[in-house]
Number of protein chains: 2
Amino acid sequence: MIAKYSYLSHLRCPKCDAVYNSRQRQQLCACGSPLLAEYDLEQLAARWKPGDLSGRAPDLWRYHELLPVERPENVVTLGEGMTPLLPMPFLGADMGIERLFMKDEGIIPTGTFKARGAAVGVSKAKELGVRELAMPTNGNAGAAWALYAARAGIRATVVMPVAAPEITRNECAVSGANLFLVDGLISDAGKIVGQAVTARGIFDASTLKEPYRIEGKKTMGLEIAEQFGWELPDVILYPTGGGVGIIGISKALKELQTLGWIDRSRKLPRLVAVQAKGCAPIVKAWEEKRTESEFFPDSSTVAFGINVPKALGDFLVLQALYETEGCAVAIDDETLLAEQGKAARMEGAFICPEGAATFAAARLLRENGWIGAEERVVALNTGAGIKYPDTVRVDVPILQPGQFL
Amino acid sequence: MIAKYSYLSHLRCPKCDAVYNSRQRQQLCACGSPLLAEYDLEQLAARWKPGDLSGRAPDLWRYHELLPVERPENVVTLGEGMTPLLPMPFLGADMGIERLFMKDEGIIPTGTFKARGAAVGVSKAKELGVRELAMPTNGNAGAAWALYAARAGIRATVVMPVAAPEITRNECAVSGANLFLVDGLISDAGKIVGQAVTARGIFDASTLKEPYRIEGKKTMGLEIAEQFGWELPDVILYPTGGGVGIIGISKALKELQTLGWIDRSRKLPRLVAVQAKGCAPIVKAWEEKRTESEFFPDSSTVAFGINVPKALGDFLVLQALYETEGCAVAIDDETLLAEQGKAARMEGAFICPEGAATFAAARLLRENGWIGAEERVVALNTGAGIKYPDTVRVDVPILQPGQFL
C-alpha cells in the first residue's frame with residue numbers, strides 16, 4: 001500500500017457523535033456543535049514513526065500525515081511552524097520554577113499563532129474548492145486568514161471591532177481583503193458575518209464553525225512533544241479566548257498517545273486556561289465545576305485576543321481541563337503588563353499581553369503551590385509584542401545633533 | 001583530536017592584512033577598517049560535513065563550527081534563524097521570473113534580520129566579558145541588540161533618529177535599555193555614541209565597529225545554500241544600507257567554497273545591492289566603477305533601514321559586487337511601495353519596504369535583461385511588514401452593531 005499524504009478519515013461531532021464526510025465542505029454539526037477531524041490512527045501507527053520526521057523542513061507540514069490536507073499541491077504555506085521552545089531561566093528563577101519554558105508563537109508569519117489555523121484552514125478550504133470566505137475576528141486571526149487567503153487566491157471578508165489592534169487592519173488591507181470595522185465586540189462582528197454567510201452563501205471561517213483551524217493549532221502540541229524528545233512537560237499554560245489552541249493541544253497529545261509516540265501509561269500535562277479578569281467566562285465555569293460557560297457581560301481587557309465573552313468550543317476547553325486535572329486562572333491587566341516587562345528585561349523576550357498572562361498565571365500557581373518547584377512548565381506566548389505597541393510606555397529624551405550623553 | 005565548538009582562528013584586516021587576537025575585545029583595525037573573523041577552514045573541512053547538520057535545531061547555531069562563539073554556554077539565543085525560503089510563483093510570473101524565491105527574514109525574533117547580528121554579536125561580547133555596550137541605529141538593529149543584551153545581562157545604550165520606526169522605540173524601552181532619540185540621521189546618532197564610547201570606555205557595537213555582527217548575518221548565506229541543497233541560485237538581491245548582509249552572504253559563500261560544500265568550479269550567485277533612489281551611495285559608486293562610496297547628501301526614503309548615507313563597509317560591498325559580477329540598483333519609494341502591495345495581494349506576504357525594494361529591483365533587472373527568464377532568483381525580505389504600519393493606507397468602513405454588509 002502506498003503511503004498517504006494525509007490519514008484524514010472523517011469528521012465527527014463531539015456532542016452527538018454524528019459522522020460527516022470530510023471530502024465535502026462542512027460547517028457546524030446539525031446539533032450546533034463544532035466538528036472534529038478524525039484520522040485513521042491505527043493504519044498510521046503502523047506506518048509512521050518519529051524518525052520519519054528527520055530531514056523534513058522545520059514547519060508544521062512535517063506532520064502532514066496527521067493534518068487534513070490530502071494533496072500536497074493544496075498546501076498554502078508561508079513557512080509557519082516549528083517555533084522556538086526557549087528556556088526562561090531568569091524569569092523562572094524569579095518565580096521559583098526552575099524549568100520554565102516559553103513556546104514563542106511570535107516567530108511565525110503574521111506574528112501570531114493564528115497563522116497555524118489559517119495555513120491549515122485555508123489550505124483545506126482550497127482543497128474543497130472554496131472561492132470566498134468570511135469571518136469575524138479580534139484582529140490577529142483575520143489578518144492571518146486574509147494573508148493566507150490571498151496566497152491561495154481565495155476572496156476574504158473580515159469584520160473586526162474598532163478596538164482591535166490597529167496593525168491587524170493594515171495586514172488585512174494590504175492583502176486586498178474586504179475589511180469592515182464594527183463599533184462593538186467580536187460577537188457583534190460575528191452577527192454581521194453570519195448574515196453575509198446566510199445571504200450570500202460564502203464559506204464561514206469563524207472560529208470552530210469550520211473543522212480545520214483546530215488542526216492547524218494542534219501542531220503546537222505536536223511540536224512541544226517533538227521538541228522535548230517525546231517526553232511531555234508537567235504543565236502547559238495557554239491564553240484562552242476562543243479556546244481553539246487548548247482544544248488543539250489536547251487533541252494532539254491524545255492522538256500522539258494513540259499512535260504510541262508518547263508513553264500511554266504517563267499522565268498528560270495539566271492544561272491551564274489563562275484568561276483576563278475582565279473576560280473570564282471559562283474560569284467562572286471551571287470554578288463552578290460546570291461543563292459549559294455563560295456569556296461574560298461587559299468584557300474588557302488589554303489582552304485583546306482573549307476578549308471573547310462566550311466561546312463556541314467552551315465545553316471542549318473545559319473537558320480538556322477536567323481530563324488533564326488542569327485548571328483555569330484569571331489575571332488582571334496590571335499584573336500581566338508587569339509580567340510583560342519582566343520577560344523583556346530578564347529574558348529579552350518582547351511578548352504579547354496574552355502571552356504575558358500565561359507567565360503571570362504560572363507565577364500565581366507556583367505561589368499557591370499548584371505548580372511544584374521542580375516541575376517542567378511551558379507557557380505559550382501566542383504573539384509578538386511588536387503587534388501591541390500600546391502596551392509599552394516610552395518616555396525618551398530627544399537630543400539635538402552635536403549634543404552628548 | 002576533540003571536535004571544537006568553533007573553529008575561529010583570528011581576526012584579519014581586509015585593508016592592510018594586519019592580524020588581531022580574537023580572544024580579546026577588538027573594534028576597528030588601527031588603519032580604520034572593519035576586521036573580519038577568520039576560521040581554520042582546513043582543519044574544519046576535514047571534520048565537518050553537510051550531513052552533520054541533520055538533527056540539529058532549525059536555528060543559526062546549527063552552523064556553530066563556522067561561528068565565533070567558542071563555548072556553547074555563551075550562546076545567547078531567542079531561537080533565531082532558519083527562516084523560510086518561499087517560492088513566489090505568482091509574483092514571479094508577473095515579472096517574468098519563473099523561479100523567484102523570497103528568503104523571509106520577518107520570521108525571526110524582533111521581526112528583522114538584525115536579530116542574527118545581535119544574537120552572534122551579543123553572544124561573543126558576553127564571551128569576551130563585555131558588561132556594557134552602545135550603538136547608533138536606524139531602529140531595528142538597536143531593538144534587536146537591546147533585547148539580546150537584556151537576555152545576556154549586558155547593559156545597552158541605544159541612540160536612534162526621531163524618524164526611526166516607532167515600534168523599535170518600544171522594543172528598546174521594554175528591554176530596559178538606555179534609549180535616546182536624536183533629531184537627525186543615523187550619522188548624528190553615531191557621533192553621540194562615539195563620544196560616549198570614548199568618554200566612558202563602553203564597548204562600541206556600531207555596525208562593523210565590532211567584528212562579529214557580520215558573522216551572524218552570514219548565516220543567511222549558509223541557510224540559502226543549505227535550503228537549496230548546496231546548489232546555489234543564480235542571483236541574490238539584498239537591500240543595502242550598512243551593507244553587512246551582503247558582505248556576510250558573500251563571506252559565507254566563499255567559506256563554503258573553501259570547505260568544499262559548494263562546487264568550486266561554478267560561479268557564485270551574482271549579488272545585487274538594492275538601494276533607495278533617495279539614498280544610493282553604493283549605486284553611484286558602482287556606476288562610476290569606484291571601490292568606495294561618497295557621503296550621500298540629504299538622504300531620504302520610506303525604506304528607513306537603508307537610509308545610510310555612507311557605510312563603513314562600502315568597499316567590502318562593492319568588492320562583493322565586482323567579484324560576483326553583480327550590480328547595484330536604486331528604486332524610488334513609489335515603486336517599492338507598489339511592489340509591497342503586489343507581494344501581499346499575490347503571495348500573502350506582508351513584507352517591509354526594504355524587502356519590497358529587492359522585488360522591484362528583480363522586476364527592473366528582468367525587464368532590462370540582466371536577469372534571464374529561467375534563472376533562479378532569491379530576494380531577501382529583511383523584515384516583517386508589521387514593523388512598518390505607515391507604509392499601508394487603510395480606508396475602511398465602520399459599521400454599527402446590527403448593521404449588515
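All values derive from a computational prediction rather than experimental measurement.

1. With respect to the sheet that holds strand E7 (residues 155-161) of chain A
Stage number 1. Within the open sheet, the five strands sit side by side as E9(A)-E6(A)-E7(A)-E8(A)-E14(B). Their pairing is parallel. In the strand order of this sheet, the two ends are held by strand E9 (203-204) of chain A together with strand E14 (398-399) of chain B, each with one partner.
Stage number 2. Where E7 of chain A lies against strand E8 (residues 178-182) of chain A, five bridges are found, and the strand directions are parallel. For Val158 of chain A, the partnering residue across the bridge sits in E8 of chain A and is Leu179 of chain A.

2. Describing the relation of the copies chain A and chain B
Stage number 1. You can overlay chain A on chain B at an RMSD of 0.0 Å; the transform is a turn of 180° with a shift of 0.0 Å along its axis. Look at the turn and shift together and you get a two-fold axis relating the two. Using C-alpha coordinates, one finds that chain A approaches the rotation axis most closely at Ile107 of chain A, a distance of 2.6 Å.
Stage number 2. A shared binding surface is used by both copies, with 100% of the interface residues of chain A retained as interface residues in chain B.

3. Re helix H8 (residues 219-227) of chain B
Residues and elements named next belong to chain B.
Stage number 1. Of all the nine residues making up H8, seven are buried; the element is thus mostly covered by neighbouring parts of the structure.
Stage number 2. What H8 keeps buried is the set Thr219, Met220, Gly221, Leu222, Glu223, Ile224 and Ala225.
Stage number 3. The first or second residue beyond H8 is Gly229, which carries a positive phi of 65°.

4. Thoughts on the confidence of the model for chain A
Stage number 1. With 100% of its residues at a pLDDT of 70 or more, chain A has an overall mean of 96.
Stage number 2. Across the interface, the model reports ipTM at 0.96; the global pTM reads 0.97.

5. Some remarks on the interface of chain A and chain B
A common way to state how big an interface is: give the accessible area lost once the parts meet.
Stage number 1. Of the residues lining the interface, 60 residues belong to chain A; the matching set on chain B comes to 60 residues.
Stage number 2. Contributing elements (two or more residues each) for the side of chain A that touches chain B: helix H4 (140-152), helix H5 (166-175), E8, helix H6 (186-200), helix H12 (333-347) and strand E14 (398-399) of chain A.
Stage number 3. Residues of the side of chain A that touches chain B, tallied by class, amount to 36 nonpolar, 14 polar and ten charged.
Stage number 4. Here E14 of chain A runs beside strand E8 (residues 178-182) of chain B; their pairing, made up of two bridges, is parallel. If you follow Ile398 of chain A over to E8 of chain B, its bridge partner there is Leu181 of chain B.

6. Notes on the domain arrangement of chain A
Residues and elements named next belong to chain A.
Stage number 1. As far as domains go, chain A holds domain 1 (8-74 + 113-204) and domain 2 (85-107 + 218-385).
Stage number 2. Here the C-alpha centroids of domain 1 and domain 2 sit 22 Å apart.
Stage number 3. Between domain 1 and domain 2, the contact holds 23 residues from the first and 24 residues from the second.
Stage number 4. Counting residues per element, the side of domain 1 that touches domain 2 draws most heavily on helix H1 (residues 41-47), which supplies three residues.

7. Side note on the pairing of strand E12 (residues 327-331) of chain A
All names here are of chain A.
Stage number 1. Among the five residues of E12, five are classified as buried, and the element is accordingly described as predominantly covered.
Stage number 2. Burial along E12 is two-sided: the residues Cys327, Val329 and Ile331 and Ala328 and Ala330 are all buried.
Stage number 3. Across five bridges, the pairing between strand E11 (residues 270-276) and E12 is parallel. Bridged to Ala273 within E12 is Ala328.

8. Remarks on the environment of Arg99 of chain B
Stage number 1. Turning to its location among the elements, Arg99 of chain B is positioned in strand E5 (residues 99-104).
Stage number 2. With residues near it in sequence (within four places) discarded, Arg99 of chain B still touches Gly92, Arg376 and Val377 of chain B.

9. So, the environment of Glu80 of chain B
Stage number 1. Positionally, Glu80 of chain B belongs in the loop between helix H1 (41-47) and strand E4 (85-87).
Stage number 2. The spatial distance from the C-alpha of Glu80 of chain B to the C-alpha of Leu337 of chain B is 27 Å, given a sequence separation of 257 residues.

10. Examining unusual backbone geometry
Residue and element names in this part refer to chain B.
Stage number 1. With a phi close to 70°, Thr110 is a non-glycine residue in the positive phi region.
Stage number 2. Within the secondary structure, Thr110 sits in the loop between E5 and helix H3 (114-127).
Stage number 3. With 34 C-beta atoms packed within 10 Å, Thr110 lands in the buried category.

11. Side note on the packing of H4 of chain A against H5 of chain A
All names here are of chain A.
Stage number 1. Interaxial distance between H4 and H5 falls to 8 Å at its minimum, and their mutual angle equals 15°. It follows from the interaxial angle that H4 and H5 lie roughly parallel. The interaxial crossing formed by H4 with H5 has left-handed handedness. Together, Asn140, Gly142, Ala143, Ala146, Leu147 and Ala150 of H4 and Thr168, Glu171, Cys172 and Ser175 of H5 make up the contact between the two elements.
Stage number 2. For the contact of H4 with H5, the residue count by class is five nonpolar, four polar and one charged.

Cut-offs and rules
- Residues numbered from 1 in each chain as written.
- Chains lettered and ligands numbered in written order.
- Predicted model: local features only at pLDDT ≥ 70, side-chain atom pairs only at ≥ 80, totals over all residues.
- Pairing = 2+ DSSP bridges.
- Helix = DSSP H or I, 4+ residues; strand = E, 2+ residues; numbered from the N terminus.
- Least-squares fit on C-alpha atoms with pLDDT ≥ 70 in both.
- Contact = placed C-beta atoms within 7 Å.
- Buried ≥ 20, exposed ≤ 12 C-beta atoms within 10 Å, placed from the backbone.
- pLDDT = per-residue confidence, 0-100.
- Nonpolar A, V, L, I, M, F, W, Y, C, P; charged D, E, K, R; others polar.
- Domains from an automatic or database assignment.
- Axes fitted to C-alpha atoms, helices over the stretch in contact; angles between N-to-C directions.
- Parallel < 35°, antiparallel > 145°, perpendicular 65-115°, else oblique.
- Left-handed = near helix turned anticlockwise from the far one by under 90°.

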